[in-house]
Amino acid sequence: QVQLVESGGGLVQPGGSLGLSCAASGSIFIIYTIDWYRQAPGEQRELVATITSDGRTNYADSVKGRFTISRDNAKNTVYLQMNNLKPEDTAVYYCRADIRTLVTGTRGYWGQGIQVTVSS
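Participant: Describe the packing of aromatic side chains, with residues and values.
Facilitator: Per the counting criterion, the structure on display carries 2 aromatic pairs. Aromatic side chains Tyr 37 and Trp 110 sit 4.9 Å apart centroid to centroid with 50° between the ring planes, which places their arrangement in the tilted category. Here the residue Tyr 37 occupies a position in strand β4 (residues 30-39), and Trp 110 occupies one in strand β10 (residues 105-110), the gap between them amounting to 73 residues. Residue classification places Tyr 37 among the buried residues on the basis of a relative accessible area of 18%. Seen from their ring centres, Tyr 94 and Trp 110 are 6.4 Å apart, and the 80° between their planes marks the pair as edge-to-face. On the criterion of sequence distance, the pair formed by Tyr 94 in strand β9 (residues 91-101) and Trp 110 in strand β10 is long-range, its members being 16 residues apart. What links up through ring pairs into an aromatic cluster is the set Tyr 37, Tyr 94 and Trp 110. Residue placement shows Arg 45 over the ring face of Tyr 94; its charged tip is 3.8 Å from the ring centre. If you follow Arg 107 out to its NZ or CZ, it ends over the ring of Tyr 109, 4.2 Å from the centre.

Rules used throughout
Residues numbered from 1 in each chain as written. Predicted model: local features only at pLDDT ≥ 70, side-chain atom pairs only at ≥ 80, totals over all residues. Heavy atoms only, no water. Phe/Tyr/Trp six-rings, centres within 6.5 Å; stacked < 30°, edge-to-face > 60°. Helix = DSSP H or I, 4+ residues; strand = E, 2+ residues; numbered from the N terminus. Buried < 20%, exposed > 50% of the residue type's maximum accessible area, 1.4 Å probe, protein only. Lys NZ or Arg CZ within 6 Å of the ring centre and 35° of its normal.

In C-alpha cells, the structure reads:
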C-alpha cells in the first residue's frame, strides 16, 4: 500500500557529487523519522543519516561534513546530497521511513535500494 522509490544513483569519480531522492507514495497519513542506509558488498547494512519529523539530523562519522539529509514534507520526499565522494562510499543506498496510515497505524517501510558507485 505504501511504496518508497529511490532515484539519483549512478557512477561518479572520487571527489564528485551525487544527490539521491526517495519518494513515498500510497495511503500516507504522516511520515515521521526518515533514514538513509547503505550496504557495501560483503558488509552489513549501516545507518548513514537520519532526519526526524522536527528536522533534527544525525550522520554516521564517516559521512559527516560531506553528506546532507533533508526532507520536503509536501512532496513526501527525502534527499541525500553526497559531496566529496570516496570509493568507500560505494554501496546500495536504501531509504527507510516510519509512516502512519489510517489503516495500519505506524510502521517502517523500506525502499528497494539504488546503486552508488565511486570509481575512477
